[in-house]
Number of protein chains: 2
Amino acid sequence: MALINENYLKLKAGYLFPEIGRRTRAFAQAHPEAKIIRLGIGDVVKALPKPVVRAMKAAAEELAHDETFRGYPPEQGYDFLLQAVVDNEYRPRGVEILPEEVFISDSSKCDSANIQEVFGLDNVIALTDPVYPVYCDSNVIAGRTGLPDEQGRYAGMVYLPCTAENGFVPDLPREHVDIIYLCSPNNPTGAVMTRQALEQWVEFARRKRAIILFDAAYESYITDPEIPHSIYEIPGAREVAIELRSYSKTAGFTGTRCAFTVVPKELVAYTRSGDAASVHPIWYRRQTTKFNGVAYVVQRGAEASYSPQGKKAVGKLIKYYLANAKYMRQQLGACGYTVYGGVNAPYLWLRTPEGKTSWEFFDLLLNQANVVGTPGAGFGAAGEGYLRLSAFNHREAIEEAMARIARL
Amino acid sequence: MALINENYLKLKAGYLFPEIGRRTRAFAQAHPEAKIIRLGIGDVVKALPKPVVRAMKAAAEELAHDETFRGYPPEQGYDFLLQAVVDNEYRPRGVEILPEEVFISDSSKCDSANIQEVFGLDNVIALTDPVYPVYCDSNVIAGRTGLPDEQGRYAGMVYLPCTAENGFVPDLPREHVDIIYLCSPNNPTGAVMTRQALEQWVEFARRKRAIILFDAAYESYITDPEIPHSIYEIPGAREVAIELRSYSKTAGFTGTRCAFTVVPKELVAYTRSGDAASVHPIWYRRQTTKFNGVAYVVQRGAEASYSPQGKKAVGKLIKYYLANAKYMRQQLGACGYTVYGGVNAPYLWLRTPEGKTSWEFFDLLLNQANVVGTPGAGFGAAGEGYLRLSAFNHREAIEEAMARIARL
């Protein structure tokens, strides 16, 4: 008799974004005349940079001829892209990463869901609260937790509240933890971790022999020159941290799918008997066994985002969305809302008014302003009373959304 | 202290194909003048069909403009491709599959590695021997087995030998099993399962409430009109079988990455207390939580493989590789080799001569004929004494390889 993985039955309702999609579609069907503005899911809207498109077409043309056809890509990524990552993402910041420490993948979501797999089931997982749901759900599915309580917090997981009081940056845990997910610039709050905060965490991880899974998917949105873009800017981080990056929010790759993960060779975890085990060969084994690499055309597109013209275009995209975020902060502030984030990140973290819950405010915005946000409670118990608004939209849509909210 | 997943330490050496790559590279470095012919890894060599390339370029051009830009794809796949799968892969064979039962992914390798995740850790897994290593290794990593014995067989796994005696088609197991991986046309042996054999397996699974994971990545290579292309051609299979398909070996997508998996709504597994749990919503939850969909350009390319011109081109590719297989069978037979497969499949399963082991024969072919095969032992204990040769190469390379082997 085939047995189901009962851990799936522990998961609350649907994954957050499909649930938002469901409510939005239901509203749209009931009100076909409504012009809905989507500031919910963090999905970019601007065209791919021209050099990226040109590179993808040229790569497709290569595949059209036997002489230049390419079959299975290397599971870890083509050398041309691994080298481009090292040369463009790390070396300019004084960070030495080897090409073979970089793993190209189709998605940061996949990487952040899969990375827990290389670690034992007995690890205690620490999550910030609120948090990107994938970190949590992938660990629930793997069986590292018990059932959720009324607030949706799973037994066995350690939650690190991020609130207005601590500037949405988690304090070091007092409990025992083995694996810590950190995200800066933060999804959903838009907060960033200072160099000092990161140093504290790296020191903590080294002392406890814990591992930090550092999601830096939004690092390009950092405007403050004092804020580190990579955790490897912190001395000693190579021994304790894995870093995740993505092309989704830089070159606009949400529909094109490319990301990468860095696993330094010094990083170790331990067997139950206390022997050190290098993590790099384990992740390599995972990727060569369970993954088959990213499409050639996509890797050529990602490479082109590092060309001089590509970089210029990417810089323009980021500036565009950051200008949206700035405008949103101003307008929402003028309406009397308390707003966080939106300075070093494309997300704004909005206090809901008059003691409304996140989902109540979500429904109110959807019904009365036809604007879709993301309920903070969907990101965790400490997200209750907040709503995330994304700056990823066309300027006219952002202006219209802000005007509608002002009229509420 | 972060703990490693010690199941990884149970795995034998490297994943098979990287190990072949390593030996081949070492030989090439020592003999830079050698013209190596690769019949090892089953990787296609012919150009993508022109309609596919045109569709990919047109899709890239859409992404170059704000008005036609596409962001995150639906995790399950675009409706246009889901519908095309139903209309082209299933309906013409009289099989009714709903679009929402199809899940587009980037890879059959990923799907066949990930699918075990929706099932509990207590299931007894049955594998054919020899077998595609991903089915095995993904279950070892998940923790469903003990250590391997000297033959590389993992404790707790049930192996179903496929030998010349049973025509390389597995007999029903006498032991208790819950999940069974079947692959027809078979990788690596090239054997196919008849309708009668499939009926037996479906009946067995229904009786035992077991689930069949049916890998049909090579169904397009079936030449015998009596052999089913889909397990859903067998009545009752919808309740007990998941089917995996791929564009890799049809439209030449090994470097372009697209595949799909069918999970019928009737399929159930069970909780430990014996309640039926529908598998479809669990796999849907898995894919929406841990996967983010396939690139738009790639899905448009896959769709174009179903256009009249696309189908014609795909048919031509398959014919080309099948003609290679036929030629290889003839030539190797004339040399006195015992050869299986290569009629309904792009793989030939060659008995090694004079009691040579698989890896000895692999090294001999590499060193003396500069031809790369895949050692049968790499696919399991029952593969010892065999070598897999792939028909995926240019005709001239195939002819040259056969001539060199004849001269040995």
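On a predicted model such as this, the values are computed, not experimentally measured, just so you know. (Residues numbered from 1 in each chain as written. Chains lettered and ligands numbered in written order. Predicted model: local features only at pLDDT ≥ 70, side-chain atom pairs only at ≥ 80, totals over all residues.)

Colleague: Help me get a handle on the overall build of chain A, residues and values and all.
Modeller: Of regular secondary structure, chain A possesses eleven helices and 15 strands. Rg of the C-alpha trace for chain A: 21 Å, near the compact-globule value of 22 Å for 408 residues, within the 12% margin. Projected onto its principal axes, the C-alpha coordinates of chain A cover approximately 55 × 55 × 55 Å. Each of the 408 residues in chain A was classed as buried or not, and the buried ones make up 58%. At a minimum sequence separation of 6, the contacts of chain A that also span at least 24 residues come to 72%. (Helix = DSSP H or I, 4+ residues; strand = E, 2+ residues; numbered from the N terminus. Rg over C-alpha atoms; globule rule 2.2 N^0.38 Å. Buried ≥ 20, exposed ≤ 12 C-beta atoms within 10 Å, placed from the backbone. Contact = placed C-beta atoms within 7 Å.)

Colleague: Could you give an account of the sheet that holds strand S11 (residues 339-341) of chain B, naming the residues involved and the relevant values?
Modeller: Residue and element names in this part refer to chain B. The sheet built from four strands is open, its strands ordered S11-S12-S15-S14 with antiparallel pairing. Each edge of the open sheet is held by one strand with a lone partner, namely S11 and strand S14 (374-375). On the sheet, helix H9 (residues 308-334) packs against S11, strand S12 (347-351) and strand S15 (386-390) and is oriented at approximately 15 degrees with respect to S12. Of the strands in this sheet, S14 and S15 are in contact with helix H10 (residues 358-369), which crosses S15 at around 45 degrees. (Pairing = 2+ DSSP bridges. Axes fitted to C-alpha atoms, helices over the stretch in contact; angles between N-to-C directions.)

Colleague: Which residues make up the interface of chain B and chain A, and what values go with them?
Modeller: With 72 residues of chain B at the contact, the number on the chain A side is 72 residues. Among the elements that make up the side of chain B that touches chain A, the one with the highest residue count is helix H2 (residues 50-63) of chain B (seven residues). For the side of chain B that touches chain A, the class distribution of residues is 39 nonpolar, 14 polar and 19 charged. (Nonpolar A, V, L, I, M, F, W, Y, C, P; charged D, E, K, R; others polar.)

Colleague: Tell me about the sheet that holds strand S12 (residues 347-351) of chain A, residues and numbers included.
Modeller: Strand pairing in a sheet takes place through backbone hydrogen bonds and is either antiparallel or parallel in direction. Residue and element names in this part refer to chain A. With respect to topology, four strands assemble into an open sheet ordered S11-S12-S15-S14, the strand pairing being antiparallel. Only two strands of the sheet have a single partner each, and these edge strands are strand S11 (339-341) and strand S14 (374-375). Along the sheet, helix H10 (residues 358-369) makes contact with S14 and strand S15 (386-390), crossing S15 at roughly 45 degrees.

Colleague: Explain the domain arrangement of chain A to me, using residue names and the numbers behind them.
Modeller: Residue and element names in this part refer to chain A. Its domain assignment divides chain A into domain 1 (6-47 + 309-407) and domain 2 (54-307). Each of domain 1 and domain 2 has a C-alpha centre, and the two are 24 Å apart. Facing 36 residues of domain 1, the contacting portion of domain 2 comprises 41 residues. Broken down by secondary-structure element, the contributors of at least two residues to the side of domain 1 that touches domain 2 are helix H9 (308-334), S11 and S12. Counting residues per element, the side of domain 1 that touches domain 2 draws most heavily on H9, at seven residues. For the side of domain 1 that touches domain 2, the per-class residue count stands at 19 nonpolar, eleven polar and six charged. (Domains from an automatic or database assignment.)

Colleague: An account of the environment of Met402 of chain A is needed here, citing residue identities and associated values.
Modeller: Residue and element names in this part refer to chain A. Summarising the element assignment, Met402 is placed in helix H11 (residues 395-407). Through-space distance from the C-alpha of Met402 to that of Arg245 is 30 Å; in sequence the pair is 157 residues apart. In this structure, Met402 is in contact with Met328 and Gln331, ignoring residues within four places of it in sequence.

Colleague: Tell me about the relation of the copies chain B and chain A, residues and numbers included.
Modeller: For the pair chain B and chain A, the best superposition has an RMSD of 0.0 Å and corresponds to a rotation of 180 degrees with a translation of 0.0 Å parallel to the axis. This pairing of chains is accounted for by a two-fold axis. Ranked by how close their C-alpha atoms come to the rotation axis, the residues of chain B are headed by Lys57 of chain B, at 2.6 Å. Looking at the interface residues of chain B, 100% of them are also at the interface in chain A, so both copies use one shared face. (Least-squares fit on C-alpha atoms with pLDDT ≥ 70 in both.)

Colleague: Give me the lowdown on the packing of H2 of chain B against helix H8 (residues 296-304) of chain B, citing residues and values where you can.
Modeller: A pair of packed helices is characterised by two quantities: the angle between their axes and the separation of those axes. All names here are of chain B. With their axes 8 Å apart at the nearest point, H2 and H8 run at an angle of 150 degrees to one another. Remark: the crossing between H2 and H8 carries right-handed chirality. The residues of H8 that touch H2, namely those facing Pro51, Val52, Arg54, Ala55, Met56, Ala59, Ala60 and Leu63, are Tyr296, Val297, Arg300, Gly301, Glu303 and Ala304. For the contact of H2 with H8, a count of residues per class yields ten nonpolar, one polar and three charged. (Left-handed = near helix turned anticlockwise from the far one by under 90°.)

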